[in-house]
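In case you want the letters, here they are:
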Amino acid sequence: MTEAPKPVLTLSGLALDHVREGGIFESADAPVGVPLMLTRLGANYTEVLPGKSACPFHSHHAEDEMFVILSGQGEYRYGDARYAIAGGDVLGAPLGGPETAHQIFNTGSEPLKYLAISSKAQIDICEYPDSGKFSVTSRGREGDPDFRYRFIGRQEQALDYWDGEESAK
């Protein structure tokens, strides 16, 4: 008989997935919302090493995000501004365009640890102002953490609505 899911999770007991890309992006994280059976609220626990960031500068068109800094020191890049952050700070990243783009850097000498919490839209568009990219994602059924569809591209690669379709004769 399998044990029923519990509504309590201990962060120190999470199995972290390590991600590294290029010289600046490196983090370890684990889902928090899924094991807590949350279906409309996304949450991850993240640890970022000194001098690194977990993800590129980006904004969401359909999801609000909030970051609760648990420990460490860093910098919050938000739109055109930068803010010093430390354990105990709470950061907002409302949905929007480049004006709400955001990124967290670890500027300290210890790991920066935080909870990333978001509304969980079924469909979201993200913009990446530094690279000129965008992504479109569609989640599976409610409660399914996996994406059903994901596309990352650049607007200059856009096609006409009728491109590749058979012309009416």
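Above this note sits the structure.
Residues numbered from 1 in each chain as written. Predicted model: local features only at pLDDT ≥ 70, side-chain atom pairs only at ≥ 80, totals over all residues. Heavy atoms only, no water.

Things to note about the sheet that holds strand β7 (residues 81-86)
- Strand order in this open sheet of three strands is β7-β6-β9, and the pairing throughout is antiparallel. Unpaired on one side and paired on the other, β7 and β9 (102-106) mark the two borders of the sheet. This sheet shows a mean twist of 25 degrees between the axes of neighbouring strands, independent of strand direction.
- Of the strand pairs in this sheet, strand β6 (residues 73-78) and β7 are connected by six bridges, and their pairing is antiparallel. Within the sheet, the bridge partner assigned to Q73 lies in β7 and is A86. (Pairing = 2+ DSSP bridges. Helix = DSSP H or I, 4+ residues; strand = E, 2+ residues; numbered from the N terminus. Axes fitted to C-alpha atoms, helices over the stretch in contact; angles between N-to-C directions.)

Observations regarding the sheet that holds strand β3 (residues 41-48)
- Pairing within the open sheet is antiparallel, and its six strands lie in the order β1-β2-β3-β10-β5-β8. Each edge of the open sheet is held by one strand with a lone partner, namely β1 (17-21) and β8 (90-93). Between one strand axis and the next, the sheet turns by 25 degrees as a mean value, whatever way the strands run.

A closer look at the pattern of salt bridges
- One pass over the structure, following the stated rule, counts four salt bridges.
- The salt bridge involving E63 is made with R139; its shortest N-O contact spans 3.2 Å. Of the two residues, E63 sits in the loop between β4 (59-60) and β5 (65-71) while R139 sits in strand β12 (residues 133-139), which places them 76 residues apart along the sequence. For the residue pair E63 and R139, the accessibility class agrees, reading buried in each case. (Salt bridge = Lys/Arg side-chain N within 4 Å of Asp/Glu carboxyl O. Buried < 20%, exposed > 50% of the residue type's maximum accessible area, 1.4 Å probe, protein only.)

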